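Structural characterization, general
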Amino acid sequence: MRRFELLEPESFAAASAALLEHPEAKAIAGGTALLILIKHGVYVPELLVNLRKIRGMADITWDAASGLRVGALASLNDIERSPLVREHLPMLAEACHVVANIRIRNLATIGGNVSHGDYQSDPPTALVALGAVVELSTATGTRELLLADFLLGPYETALEPGELVSAVRVPPPGAGWRSAYLKFTTRSSEDRPAVGVATLLRLDGETVREARLVVGAVTVTPSRMTDVESYLGGRSLDAGTLAEVGRMVSAGIQPIDDIRGSAAYKRRLAGVQAERALELCSTMGAAR
Amino acid sequence: MKQLISTTINGRERELAVAPNRTLLEVLREDLQLTGAVEGCGVGQCGSCTVLIDGRPVSSCLTLATNVEGRSVTTIEGVAPAGQLSAVQQAFLHRQAFQCGFCTPGMIMAVEGLLRDHPGAGEAQIRDYLSGNLCRCGTYSAVIDAVKDVIAEVGAARDKASAG
C-alpha cells in the first residue's frame, strides 16, 4: 500500500488535537472504507490519525428516557449482536447485519460508517428513519446534530475541523411501532445496496396511524418521503394503497446513476422496494 | 516510521516492527512466513485472507498491522498442532470441500469464527455467516456439509459428555 504516516493518540482529546493540528489528516478506525480508497489510489493521505488506542468509546447502552447510545468505535457486528439493540431497535440490528460480510462487520465502526458519508450504505438509512442523532466532539466540547442534517452529500458531512463523531444516539421509538429495513442488491448478495428502504409503522388494526419511510442508496443522502408518510395516515395497506405509494416514491425520488443501476432503473426499483418494505413491516416487522 | 508492537500470533507472543502502511496480511506473509492466508481481492470481498483477531474473523488485507497490538491473532497455521488437523480441517477433507484450495484457509478460518459465535448453527445461519467467502471452484455445498458434520460431532460429543 502507498506510504503514509500514522499518529496513534491514546485519548479522544489527543486525537481531536491531532486533527486540528493536521487539517489534511483523516481519522481512521476500522479502516474498511478508507483503506480501499487508498489501495485504489482515490485517496492519497500523508498522515492518518488512528483511533485504535482510545478506550471506552465502543459501549452500547440503553436508557428508557434517552434511548440507545452507541459509542463511535462499536463495530457493526457489536451492534447487530447487542441484546439491547435487538430488543429495542431490531431494524438497526438488521441494517447492520446486511452490511457486506462478517469480516467487514467485525472491523467497520458505526462512527466510521456515518463519518464516511457514503450514500451506498445500509445503516444510515435505518438511522435516519429512527431519528438518530450524532454526537460531535472535540477536546473541549460536544454538540449534537440529527444524522439527517449531518449527512450533506457523497463523502461530505458537517464535521468541523478537529471534530470526531463520538457516539450515535437513537431516541426511544415509543410503543406500538413496527419497523423493517429492506435491502436490494444488484450484484452479489454482500454488495452495497442498490436501494435500501427503512420503514416504521404504527398500526391500529389494519389502519396506519403513523408511518415513516426513508429511501437510501439512490440519492446522495437518505431521502425521507414525507408526502408518502402523510398519505398513509388513516389508510389500510391494501393493494391500492401500496401501488399508490410505489407510484409516489418513483415520482418523488431523484436518483443518481451509479455502478449499481441507472437513475431510471433505481427510480422504478425504489417504488417497488417501498411497497415491499411496507408489506414486510406490516406483516413481519417486529413490534416495538 | 516503523512502530514496535507486541502481539500474540497463534498463541506465541511476538514483538514486531511494522511500517504504518502495512496490512496484517503483508506482515503475516512477508515477515512471519505465515503464507496460509492469501490475497485474493485485496478489498475485503473474497475472504481468502480471513484470520481471527480475538476470536473474530476479519479481512487481514483491510487491517492495519499496527492494530493487532495487544490482541491475539489466529491464522490457519494455528488451528491445530503441527502435523495434526483440526475438526474443521478434517471435515473439509472428508467432504472434499475444496478443489484448487485457494479459498480454503480463509473458508476454514471463517468456519472457526462461526463455531465460536454460533456453535449450534443451522443451515441458514451457516450460509448467512459464510456468504462473504468466495470459492470459484464452486465447492459451496460440500463446505456446508462439512460444517454441518462438525456441528453434529460437537453436539454428539456434548450429549455424550452430559449423559456420562
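Before going into details, it helps to say that this report is about the structure given with it. (Residues numbered from 1 in each chain as written. Chains lettered and ligands numbered in written order. Predicted model: local features only at pLDDT ≥ 70, side-chain atom pairs only at ≥ 80, totals over all residues.)

Another point: the pairing of strand E6 (residues 133-137) of chain A. Put simply, side chains in a regular strand alternate between the two faces of the sheet. Residue and element names in this part refer to chain A. Along E6, four of the five residues are buried, which leaves the element largely enclosed by surrounding structure. Strand direction decides the pairing type here: E6 and strand E7 (residues 142-146), joined by five bridges, are antiparallel. Its bridge partner being in E7, Leu136 is matched across the sheet by Arg143. Across five bridges, the pairing between E6 and strand E10 (residues 164-170) is antiparallel. What sits directly across from Glu135, in E10, is Ala167. (Buried ≥ 20, exposed ≤ 12 C-beta atoms within 10 Å, placed from the backbone. Helix = DSSP H or I, 4+ residues; strand = E, 2+ residues; numbered from the N terminus. Pairing = 2+ DSSP bridges.)

The next point concerns the sheet that holds strand E2 (residues 12-18) of chain B. Residues and elements named next belong to chain B. Within the open sheet, the five strands sit side by side as E2-E1-E5-E3-E4. Their pairing is mixed. For this open sheet the edge positions go to E2 and strand E4 (56-59), each flanked by a neighbour on one side alone. On average, adjacent strands in this sheet sit at an angle of 40° to one another, irrespective of strand direction. Sheet topology places strand E1 (residues 3-9) next to strand E5 (residues 72-74); two bridges connect them, and they run parallel. Looking at E5, one finds that Ile9 is bridged to Val73. Along the sheet face, helix H3 (residues 104-117) touches strand E3 (50-53) and E4 and points at about 35° away from the line of E3. (Axes fitted to C-alpha atoms, helices over the stretch in contact; angles between N-to-C directions. Contact = placed C-beta atoms within 7 Å.)

Within the sequence span of helix H4 (residues 123-130) of chain B, burial applies to Ile126, Tyr129 and Leu130 of chain B. End-on view of H4 of chain B: buried residues confined to an arc of 85°, all on one side of the axis. Where the residues of H4 of chain B are buried, they touch helix H6 (102-107) of chain A together with H3 and helix H5 (140-163) of chain B. (Arc of directions from axis to C-beta.)

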